[in-house]
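Listed below, chain by chain, are the residues.
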Amino acid sequence: MKYIIIGPGNYGFTLASKLTSLGHEVIGIDNEISRVNNMKDKITHAMCMDCTDTMAMQTLPLKEADVIFIAIGEDYGASIMISAFLKQYQIKKLICRAINSIHQTVLEAIGVKEIIFPE
């Protein structure tokens, strides 16, 4: 399967590493080059990109991905913007991380069906 993980901090990086070790193709995307450098040898593909830039997001293989995870924790605005964009793009499966009940409520309001609380 092909996974895209946006915002691989501690949780996202652990998820990306595990999926890669199970033989899946994983694209990890973060806007901080240090995080990208930390994961580049442990997952299939690592990219530095601002995923709130919708033009940049359109360069990704969104339609080919089986699952897209938004693993962003602390930046609610980015999480919500990216989720809204992906909902409009009609991807196969979207799973979003929420940090609290308000974050969850907003994600539900824009139509996200699968929300997780990894903490």
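This structure is a prediction, so every number in the text was calculated from the model and none was measured.

Draft legend 1. Seen up close, the packing of aromatic side chains. One pass over the structure, following the stated rule, counts two aromatic pairs. One cation-aromatic arrangement involves lysine 63 over tyrosine 89; the distance from NZ or CZ to the ring centre is 5.1 Å.

Draft legend 2. View of the pattern of salt bridges. Evaluation of the coordinates by the stated rule reveals five salt bridges. Among the ionic pairs, arginine 35 bridges to glutamate 74, the shortest N-O distance being 3.9 Å. Residue arginine 35 is found in helix α2 (residues 33–39), and its partner glutamate 74 is found in the loop between β4 (67–70) and α4 (76–89); the two are separated by 39 residues along the sequence. The network of salt bridges with shared partners includes Asp30, Arg35 and Glu74.

Draft legend 3. Focus on the environment of methionine 39. Structurally, methionine 39 can be placed in helix α2. Taking the C-alpha atoms as reference points, methionine 39 and methionine 57, 18 residues apart in sequence, are found 20 Å from one another. Contact partners of methionine 39, with chain neighbours within four places excluded, come to Pro8, Phe13, Gly28, Ile29 and Ala46.

How each quantity is defined
Residues numbered from 1 in each chain as written. Predicted model: local features only at pLDDT ≥ 70, side-chain atom pairs only at ≥ 80, totals over all residues. Heavy atoms only, no water. Phe/Tyr/Trp six-rings, centres within 6.5 Å; stacked < 30°, edge-to-face > 60°. Lys NZ or Arg CZ within 6 Å of the ring centre and 35° of its normal. Salt bridge = Lys/Arg side-chain N within 4 Å of Asp/Glu carboxyl O. Helix = DSSP H or I, 4+ residues; strand = E, 2+ residues; numbered from the N terminus. Contact = heavy atoms within 4.5 Å.

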